[in-house]
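Listed here are the chains, written in short residue letters.
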Amino acid sequence: MSSQDKTVVQPVGGKTADKVFRGVAYACGILILVVLAAVFLFLFFRAWPLIGGDQAANSKTVSSFTGGKADNFWSYVLPLLFGTVLVSLLALLIAFFVSIGIALFISHYAPKKLATALSYVVDLLAAIPSVIYGLWGGLILVPAIYPFWNWVANHLGWIPLFEGPAANPSRTVATVAVVLAVMILPIITSMSRDIFMQTPRLHEEAALALGATKWEMIRLAVLPFGKSGIVSASMLALGRALGETMAVLMILSPGLNYSIKLLQASQNQTIAANIAAQYPEANDLGVSTLIGTGLILFLITFVVNFIARKLTEKATA
Amino acid sequence: ACGDNSAAKTDNNASSDSTAKAAPVSGDFQGAGASSQQAAVEAWIAGFQGSNPDAKIAYNPSGSGAGVQTFLTGATAWAGSDKALADNEVEQSKSVCASGSAFDVPVYISPIAVVFNLKGVSDAGKHINMDAATIAKIFDGKITKWNDPAIAEQNKDLKLPDTDITVVHRSDKSGTTQNFVSYFKDVTPDNWNYDLSENWPNEVGQGAKGTSGVISTVKQADGTIGYADFSQVGDLGTVAVKVGEKYNVISAKAGSKVIEDSKQDTTVTGDNRVVIKINHATKADGAYPIVLVSYDVVCPAYKDAKQAEFAKAWLTYVTSDEGQKAAQDAAGTAPLPASLKTKVAKSIEAIKTK
Amino acid sequence: MMTAAENTEKTPMSGAPKIDFDRFRPTRSAIQRRNVMDRFMWVLIAVAFVIACIPLVSLLWTTIVNGAKRLNLNFLSYNMTGVVGGSQTPSGGYGGVLHAIIGTLEITAGAMIISIPIGLMCAVYLVEYSNRGKLATTISLLVDVMSGIPSIVAGLFAFSMFTILLGPGTINGFEGSVALSLLMLPTVVKSCEEMLKIVPNDLREASLALGVTKQRTITKIVLRTALPGIVSGAILAIARVIGETAPLLMTAGFIASTNVNLFSGQMTTLPVYVYQEYSKLNANCPPNADATCVTTIPMERAWAAALVLIVIVLLLNLIGRIVAKVFAVKTER
Amino acid sequence: MGQRIDVNHENIYYGDFLAVEDVNINIEPNKVTAFIGPSGCGKSTVLRTLDRMHEIIPGAHVEGEVLLEGKNLYDKDVDPVAVRRDVGMVFQRPNPFPTMSIRENVLAGVRLNNHHLAKSDADDLVEWALRGANLWEEVKDRLDNPGIGLSGGQQQRLCIARAVAVHPQVLLMDEPCSALDPISTLAVEDLINELKSDYTIVIVTHNMQQAARIADYTAFFNLKAVGQPGHLEYFADTITMFNNPQNEEAERYISGRFG
Amino acid sequence: MGQRIDVNHENIYYGDFLAVEDVNINIEPNKVTAFIGPSGCGKSTVLRTLDRMHEIIPGAHVEGEVLLEGKNLYDKDVDPVAVRRDVGMVFQRPNPFPTMSIRENVLAGVRLNNHHLAKSDADDLVEWALRGANLWEEVKDRLDNPGIGLSGGQQQRLCIARAVAVHPQVLLMDEPCSALDPISTLAVEDLINELKSDYTIVIVTHNMQQAARIADYTAFFNLKAVGQPGHLEYFADTITMFNNPQNEEAERYISGRFG
Ligand SMILES: Nc1ncnc2c1ncn2[C@@H]1O[C@H](COP(=O)(O)OP(=O)(O)OP(=O)(O)O)[C@@H](O)[C@H]1O
Ligand SMILES: Nc1ncnc2c1ncn2[C@@H]1O[C@H](COP(=O)(O)OP(=O)(O)OP(=O)(O)O)[C@@H](O)[C@H]1O
Ligand SMILES: [Mg+2]
Ligand SMILES: [Mg+2]
Ligand SMILES: O=P([O-])([O-])[O-]
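Worth saying up front: this structure is predicted, and the values here are computed from it rather than measured.

### Looking at the sheet that holds strand β6 (residues 87-90) of chain E
Residues and elements named next belong to chain E. Read across the open sheet, the 10 strands follow the order β5-β4-β1-β2-β10-β9-β3-β8-β7-β6; overall the sheet is mixed. The open sheet terminates on both sides in strands that have one partner only, identified here as β5 (71-72) and β6. Taken together, the two bridges between strand β4 (residues 60-68) and β5 define a ladder with antiparallel strand orientation. Counterpart to L68 in the pairing with β5 is K71.

In C-alpha cells form, the structure reads like this:
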C-alpha cells in the first residue's frame, strides 16, 4: 500500500484543449453546411443563364442536345430525372435485400473463419472503381446477361416492366441496374455487417432465451438494433447510385422517355451520365444547362433523403 | 523524369536531320481537346521531343468542346478539335491571343467507317455494298432487316440472312456523329430529316459511349451496324460506299481523295483559317466520302513568346511529312493532301514569335 | 422466514387476471412453421450470398485474367512518355502506370488529409456535442444529401473554385483532391457517426467520472474504442473515391509523364488511365511493323491498370485490417 | 408440472479453457434450487448449460449429459430452440429490447408462437406478468413507453415479467435480484414461491439469506484457485447446507456470511 | 482529508420531468453516508448530482446548491471536470474500458489526465488499488489481459480499483456490490472502512445490512407514487435509522427487511 502517500499532482490544464476541441468539432459541423451551401450556390449561379439568360438561346441549346426532341429545360431534365430515379431505385431494390442477407450471413451464420474471409472480400469489392464496373458491365455482363433478359421478356413479358423484345446487346436499364446493384452491394453490406456485429450480446441472449429461433433472434434483437445503420447505409448507397457516372455512361444506351421498359434499349438516361456524355463537347450555355440538370439531381437527393429521414423517424419514435 | 521511356535512338537521328533548321524549343506546354486525336498526338509528342528534348508536352483528351473552352481561357497553347471554330469562339479568342484572333488548321484526315457484324459476311471478311440512301435509311430505322431488298439488290453475290438490324450510334456528343450525318445531309437529304448536330438525333437502335463503346457494342451481337473511326475497325466488316457508279472500300488513301476534291470554306470569319468544306458528293475515282478533318487551334500571337515559338514549331512538325507519317503509323489517319499544305504552311508562318 | 409476505396485506398478484396458459402453448404447427421459417431464412440468406457471389467473382476473375497478361515490373516502372501506337518502347515494354500510381496515391492521400479529420470531427460534433439539436439534425440530413452529389458535379465545383482562386484553366492534383474530398466527406461522417454511436454510454460516464475532460474522454476512450470501425469507415471512404474518373478528368487532367508535385501540373490517376486506354481501344501499327507491335495493347493496359488499382485497394485494406486488429476492442467474453 | 433435471459428469469449456469440471447434480421438479459460491466459480456457466445457452458463445462446448425428464438435452436430435422454449431464463443484467415498448417486451416471447394474439388476451397476459414481477402499479399507465426508459431495477423486473409470460417448465435465474430493492426482491421471491408449484426453478444468488429463504436445495460451487476449473463442491437441502453443512469449504464460505 | 458536502434545496430534472424534489442533506467529511430507498426513488439520480455527472444526460439539469466544503459545485466558475477529479464514482454496472488491459484500466484515471507515471510508480499504484479492491490475487498474473475478459464480479472490483487509484477526496458508489459475492463484498466494505479515514464516502445500496454495517449516516429516499418526484424522506445517523427511526415511512421500509 505504498503508493497511498503518493501525491497525485493536480492534472495539467486540459480546459483550453477541451474548448479548442469542442470549437473544432463545431466548426467541422458548420463547415459541412458551408460546403454544401457553396456547392448549391455554385450550381445555382452556373445554372443561372437558364433562368435569367436568353431563352431562345437556351431552347436552341437544349434542342442541340436532344436532336430537337426537347426544346426547353424541363422537357429535357424531367425524363433524365425519371431515368435517374428509376435506375437508382431498381439498383437499391436489388442490392438492399441481398446485402442485408450477406451482412447477416457474415455476422451471424458463417463460421468465424469464413466470415473473416468474406468480410475482407466485401471490403475489397466496395473499393472496386466504377470504371472497372463499367468495363466489366459493358464487356462481360452485357453479352452474358442477354439470354436471361430474353427469357424474362418471353415469359414475363406481360408485366409492363419486362415488355419485350429484349434488346441485344442488352445495354438497357435492367442491366445497368444490375451493375449498380453489384456496385452498391458492398457498401450496404459492409456497413450493416459492422452494425450487426455490434448487437449487444445481452439482447441476443434475451431473445434466444425466450426460445427464439435464430431468425427470430435476428428479428427481435439484431435488425431493430441495426435499423438506423441500415437506413444510413442504404442512403449512402442510393446517393452513390444516383450520382454514378462512369458505369452508366459505359453501359447504358440512352433515351429520353418516360419509359419503364427495362429490357429495351434507348429508353432512359441518367443525369450524371448525361452530364459526362455532353460536357466534353458543350459550349458555355451547354455547360449551364448541364449544371442545371446537376442542380435538379442535387435537389432530388435532398428530397429523397428528407423523406427517408422522416420515415425512419416515424418508425423509431 | 522518373519512369520516362527514353526515345529510341533511331528516332533521334531521323528527327535531328529533318528539323535541324529550327532551334530546339524548351519548357512546359499544354494542349487539350478532341479525344480522337489522342493516338496521333502521342506519336507527335514523341516525335517532337526527339528534336526538342527539353520540351515537356501534355495533351489532355478532354473533348473538342472542352479543349476549345480551355484554350479560350488561355490555359493551353493549342486545342485539338474535330470541327472548325464557331464564329463566336473566334470572337472570344481575341481576348486571349496577344493580337488577332485564333485560327484553325487541319492536321489530319480520318475516314469514318460504317462497321457491321453479321454472321457469314463480316466474319468471312466480306464488305457489304451500300449507297448513301440505304445507309441513311438503316440509321433512321426505315430498313430493319439485313435481307431487305434495298440491301440485297446491291449485294447480289452475298447471301444475306433474315436478321434484325441493330443500329449502334454514339451516345455522347461527338464530332464523328456530326461528320457522319452531314454525309447524309449532303448526299441524300430526303432520307435524313434531322438537324445537323453532334448528338445522335433519333432513338433507333442503341447508343454507346465513345468510339470504343460503339466498336465493342457492335462486336457483342449479330446483326449490328455502326460507325467509327477507321483506325478502330479491327476485324469488323466495313461497308463499301457507293461513289459515282462504284462501291469504294474504306482506306486512308481513299479518304485523302475526297479532301483533294474538296474546297476550302471561304465563308468563315477570321484570318489565317484553313477550314475544309468536305465534298461528300464527290465523284472522284476511288474516293471514300465519309471523312472527318481534325484541326488544331492556335493563336497568331501569344502573350508568352515561348508559347508562340512552341506553337509554331509544333504545327510545323505536325503538318510536316514526318509528322503526318507518324500519325498515320500510330493512329491510322490519312495524311493531308499536298494541295492543302501550302495554305497550311502560310497560316503557320503567321504566328509571330518575336 | 417467509414472514415478509404476510406483512404486506396486498400481494402484487391480487387482482391479477387468471390466465389459461394452455391456450398460448405453441401448437405443433406453430413450431413447425417457425422452424420452416428459420430454415427458409437460412436458405434465403445463403442464396442471397451465392447470387451476390456470381457477379463479384466474375468481376474479379475477368480483371485478374485480363490484367495479369501485361502486369509486370516494366509496366509498373515506366510511364507513358514516348509510347507510340502499339510499338514497343526501348525498354522492351509498352509503357506503364508508374505516373498513374503516383498520381492516385498522392491525390487520394490529399483527399484523405482533407476529409478524414473534418469528417471525423463533424461526427464527433454530431454524436458527442450536439445533443441532437436542430443544427445537428440539419447537418446530418445535409450529410446524407451531400452523399448524393454526383461525382461529376463535385469535379465541376472544384474546377470552378480553382478557376476563381488561381486563374482560369488551373489544373493540378490537389484540385482533384478537393473534388474527391467532397465525395469522401459524407461517407466519413456517416460511418464515423455510426461507429461513435455504438460506443456504450457507460464508457463515457466511467471516464468523465474519473475527472477526465470531455476532450480526452472522446479522444482516448470513445475514439479509441471506435477506432477499428473508424478505420474501416475511412477505408470505405477511400474506396468510394479511389476509383473516381469523371471529376478527375476535369480537375487533375491527364498527362503521359510522371508528375510528383501535387500542387502543380496535371496528374494522371489509375482510373483515368484505365478510362483513357479503354477509349483508345486499339492501337495502330506502322505497315512494316514487326511482331513486337501489338494492336490490342490499350485494352490490355486498361485491364492491367485496373488490376493494379485493385491490388492497391487490397493493400490499403490489408493495412486497415492490421490497424483495426491491433487496436481492436478485446472481445467481450 | 415442473420437470426434473439431472446433470451427469458435465465438463464445460470456453474454447480450450475448462471452466467447470465434472458437475453432477439432480435438480428436483417443483423445487427451488439455489447455486451459491464465490465469484468466477462458474455458477452462471453451469446455469447456462441447462438451457443450452452456453453453446451460443463461439467455441464454447459441453461434455457430459444434462437430462430433462430423462431426455438428454445434448442429444443430436434435440433442437436447442425447443429446449429454450421450455426453460426460461432471466439474466444478471437487465436486457429489455430497446426498441420495444414495455408491453411489447412482455409479449415478445409469446408473440413468437402466437402471431395473432387477441388484444384482450394480450392485455391480460401483460397485466398478469407485470403483477408477477411487481411492476404493474409502476408502469400500468405507460405501457407503451419504451422499456429502456425504466430505472435499472424496473428494467430487471420487466425482464422477469418477460420470461414468466411464456410460462416455461423450468425457470433459470442468474442473480435476478442483484439490481432490485428489497421490496421488489420480496415480490420476486414471493413470485418464485408461487411459481414453484408449477415449475422447477434454479437460481444463482450471491445473497445467502435469499438462498436460505427461498431455496429447497442449495448447491455450493467453488474453485481451487484462479485459473483452475470450478466445480460443484457440495450439494444439500438448504436446511442442512445452512445449519449443518457436511463440507468444510461450504461451512467456511457460509460462516463468512454477515448480517 | 475528506470534504463535506451540503445539499440545499436541490430539484433534479430530466428535461421537464422533475425526478427528485427539494433534497436537503449534509454529508459529513470522513464518514460513510448510505442512500437507501425503493427502486426508482432517485438515489442514483441524487448521487450523480454530487459530482455533476447528472448534467451529461441531455436535457438534465439541477436547481439548488451542492456545496463541497462550502463551495457551490454548480457555480458558474466551477469546472465540472475538476469536480469529478475530486469526487470519484463507481457505477451500478461494471464498465471497464474494453480497449484496455487490466493494468491500463486501473491506471486510466491517472493516464488519461496526461500524467506520465514512472513504471515502478505505476506498478505500485496498480497493486495498491487492486489489493484494495480484493482483486490482486486473482489477476496479478494476467495484468496485461483485457479487463473485459473478467467475470462480472471481477469487472466490478476492477472498476472500484480504477476509481480508487485516482485518490479522490470523495467517493460515490452506486450499488457497487450488487454484482459481487459475499467475500468480495466484505473486502470492499473493509476497503470503504479503510478509506473513510481519508475520504468522504457516499454509497447507494439496496442491502440494508450493508448500510447498517458500513454507514455512519443513512438517508432514506422515497417516492409518494410512481410518476411523482422522489424526495429525501428521512436522514439520520445509522444507529437511529435502523433501531429507532423517527419516521413512519422509514420504519415501514426498514422493518420490511429480512434475514
Ligand atoms: N465468454 C467467456 N470466455 C472465456 N471465459 C469465460 C467466459 N465467461 C466466463 N468465463 C470464465 O469462466 C469462469 C466462470 O465464470 P462465470 O461467469 O460462470 O462465474 P460466476 O460464478 O457466474 O461469477 P459471478 O458471480 O461473478 O457472476 C471464470 O473464470 C470466467 O473468467
Ligand atoms: N435518463 C433518464 N431519463 C429520464 N428519466 C430517468 C432517467 N434516468 C432515471 N430516470 C427516472 O428518474 C427516476 C429516478 O431514477 P433512479 O435511477 O435515480 O432511481 P434509483 O433509486 O437509482 O433506482 P434503482 O434502485 O432501480 O437504481 C425514475 O422515475 C426513473 O424512471
Ligand atoms: Mg455470474
Ligand atoms: Mg439506481
Ligand atoms: O472524337 P469524338 O468527337 O468522336 O469523340
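### Observations regarding the sheet that holds strand β3 (residues 32-36) of chain D
All names here are of chain D. Ordered in space as β5-β4-β1-β2-β10-β9-β3-β8-β7-β6, the 10 strands form an open sheet in which the pairing is mixed. Looking at which strands have only one partner, the edges of the open sheet turn out to be β5 (71-72) and β6 (87-90). Where strand β2 (residues 17-27) lies against strand β10 (residues 230-237), two bridges are found, and the strand directions are parallel. Across the sheet, the residue bridging to E21 is H231, located in β10. Relative to strand β9 (residues 217-223), helix α10 (residues 248-255) is tilted by about 100 degrees, and along the sheet it contacts β3, β9 and β10.

### Section: the site of ligand 2
Around ligand 2 there are 16 residues in total, and S39(E), G40(E), K43(E), S44(E) and T45(E) lie nearest to it. Surrounding ligand 2 are residues belonging to chains D and E, so the site spans chains. Take C41(E): an N or O atom from its main chain is 3.3 Å from an oxygen atom of ligand 2. With respect to ligand 2, the side chain of S44(E) contributes an N or O atom lying 2.5 Å from an oxygen atom.

### What to know about the site of ligand 5
All names here are of chain B. Around ligand 5 lies a shell formed by S35, S36, D82, R170, S174, G175 and T176. A distance of 3.1 Å separates an oxygen atom of ligand 5 from a polar atom in the side chain of S36. Expressed as a share of its isolated accessible area of 200 Å², the protein-covered part of ligand 5 is 95%. By residue class, the composition of the shell around ligand 5 is no nonpolar, five polar and two charged.

### Describing the interface of chain A and chain D
Contact with chain A, which involves 17 residues of that partner, is made by 25 residues of chain D. Between chain A and chain D the total buried area reaches about 1800 Å² when both faces are included, carbon and sulfur atoms providing 69% of it. Taking the shortest distance from any N to any O, the salt bridge between E205(A) and R48(D) comes out at 2.7 Å. Counting across the interface, chain A meets chain D through four residue pairs in polar contact (both at pLDDT 80 or more). Every element with two or more residues in the side of chain A that touches chain D is listed here: α8 (201-209) and α9 (214-243) of chain A. Counting residues per element, the side of chain A that touches chain D draws most heavily on α8(A), at eight residues. By residue class, the composition of the side of chain A that touches chain D is 10 nonpolar, three polar and four charged.

### Describing the interface of chain A and chain C
If you look at the interface, chain A gives 89 residues, while chain C gives 88 residues. Both sides together, the interface formed by chain A and chain C hides about 8100 Å², and carbon and sulfur atoms give 77% of it. Viewed at the interface, chain C and chain A are joined by one salt bridge. Its salt-bridge partner being R34(C), residue E216(A) comes within 2.6 Å of it at the nearest N-O pair. Across the contact surface, chain A and chain C share eight residue pairs in polar contact (both at pLDDT 80 or more). Examining the composition of the side of chain A that touches chain C, we find that 20 residues originate from one element, helix α1 (residues 15-47) of chain A, more than from any other. Split into classes, the residues belonging to the side of chain A that touches chain C amount to 58 nonpolar, 19 polar and 12 charged.

### Comments concerning the UniProt feature "transmembrane region" (unreviewed entry) in chain C
All names here are of chain C. In the UniProt entry, the feature "transmembrane region" (unreviewed entry) is given for residues 40-64, 107-127, 139-165, 171-189, 221-242 and 302-324. Note that residues 107-127 is 100% helix and 0% strand, and that its end C-alpha atoms are spaced 30 Å apart. End-to-end, the C-alpha atoms of residues 139-165 are 27 Å apart, and along that stretch the chain is 85% helix and 0% strand.

### Things to note about the nonpolar core
Among the nonpolar cores identified, the biggest contains 337 residues, and I128(B), F139(B), F180(B), I225(B), F35(D) and L130(E) are the most heavily contacted of them. The element that contributes the greatest number of residues to this core is helix α4 (residues 73-109) of chain A, accounting for 19 residues. Those residues in contact with L130(E), other than ones at most four positions away along the chain, are I102(E), V106(E), L135(E), W136(E), V139(E), L143(E), L158(E) and A161(E). By size, the runner-up hydrophobic cluster in this structure holds 60 residues, among which are A34(B), A77(B), V258(B) and A330(B).

### Digging into empty space enclosed by the protein
For the structure on display, the rule yields 10 cavities of 30 Å³ or more. There is about 270 Å³ of room inside the second largest cavity. Forming the walls of the second largest cavity are 19 residues, and the residues nearest its centre are F65(A), P254(A), G255(A), L256(A) and W200(B). Taken together, the elements giving at least two residues each to the lining of the second largest cavity come down to α3 (55-66), α4 and α11 (271-278) of chain A together with β6 (166-170) of chain B. Its residues placed into classes, the lining of the second largest cavity shows seven nonpolar, nine polar and three charged.

### Describing the environment of Q49(B)
Topologically, Q49(B) is positioned in helix α2 (residues 38-51). Within the structure, Q49(B) has its side chain in polar contact with the backbone oxygen of A55(B) (distance 2.8 Å).

### Comments concerning the side chain of S130(A)
If you trace the backbone, S130(A) turns up in helix α6 (residues 130-156). Among all residues touching S130(A), those that are not within four sequence positions of it are M183(A), E244(A), M246(A), A247(A) and G243(C).

### Notes on the confidence of the model for chain B
Residue and element names in this part refer to chain B. Looking at chain B, pLDDT values average 88 and 95% of them are 70 or higher. At the low end of the mean pLDDT range in chain B sits helix α1 (residues 9-18), at 43; at the high end sits helix α5 (residues 132-139), at 95. The model gives residues 8-20 a pLDDT under 50, and that stretch makes nine contacts with residues more than four places away or in other chains.

### Examining the state of the cysteines
Residue and element names in this part refer to chain B. Taken as a whole and judged by the stated rule, the model has two disulfides over all chains. Here C97 is linked by a disulfide to C299, with a sulfur-sulfur distance of 1.8 Å. The sign of the -70 degrees torsion about the S-S bond sets the C97-C299 disulfide as left-handed. Taken as a pair, C97 in the loop between α4 (87-93) and β4 (103-117) and C299 in the loop between β13 (291-298) and α10 (305-319) lie far apart in primary sequence, 202 residues in all. You can call C299 buried: its relative accessible area is 1%.

### Remarks on the pairing of strand β7 (residues 170-174) of chain E
All names here are of chain E. The element β7 is largely enclosed, with a buried count of five among its five residues. Burial along β7 is two-sided: the face carrying V170, L172 and D174 and the face carrying L171 and M173 are both buried. For β6 and β7, the ladder comprises four bridges, and the chain directions are parallel. Pairing of M89 across the sheet is with L172, part of β7.

### Examining α5(B)
The periodicity of an α-helix, 3.6 residues per turn, causes residues three or four places apart in sequence to face the same way. Residues and elements named next belong to chain B. Among the eight residues of α5, six are classified as buried, and the element is accordingly described as predominantly covered. Along α5, the residues classified as buried are A132, T134, I135, A136, I138 and F139. G141 lies just past α5 and shows a positive phi near 80 degrees.

Definitions and limits used
- Residues numbered from 1 in each chain as written.
- Chains lettered and ligands numbered in written order.
- Predicted model: local features only at pLDDT ≥ 70, side-chain atom pairs only at ≥ 80, totals over all residues.
- Heavy atoms only, no water.
- Pairing = 2+ DSSP bridges.
- Helix = DSSP H or I, 4+ residues; strand = E, 2+ residues; numbered from the N terminus.
- Contact = heavy atoms within 4.5 Å.
- Axes fitted to C-alpha atoms, helices over the stretch in contact; angles between N-to-C directions.
- Near = heavy atom within 4 Å.
- Polar contact = N/O pair within 3.5 Å; in protein donor to acceptor, adjacent residues only side chain to side chain.
- Areas by Shrake-Rupley, 256 points an atom, 1.4 Å probe, with all protein chains shown as cover.
- Nonpolar A, V, L, I, M, F, W, Y, C, P; charged D, E, K, R; others polar.
- Buried area = accessible area lost by both parts, 1.4 Å probe.
- Salt bridge = Lys/Arg side-chain N within 4 Å of Asp/Glu carboxyl O.
- UniProt positions renumbered as here; feature names shortened; annotations may be inferred.
- Core = buried A, V, L, I, M, F, W, Y, C linked by side-chain atoms within 4.5 Å.
- Buried < 20%, exposed > 50% of the residue type's maximum accessible area, 1.4 Å probe, protein only.
- 1 Å grid on protein atoms, 1.4 Å probe; cavity = no way out; pocket = protein on both sides within 12 Å on 5 of 7 lines; lining within 4 Å.
- Points joined across faces, edges and corners; volume = space filled by probe spheres on them.
- pLDDT = per-residue confidence, 0-100.
- Disulfide = S-S within 2.5 Å.

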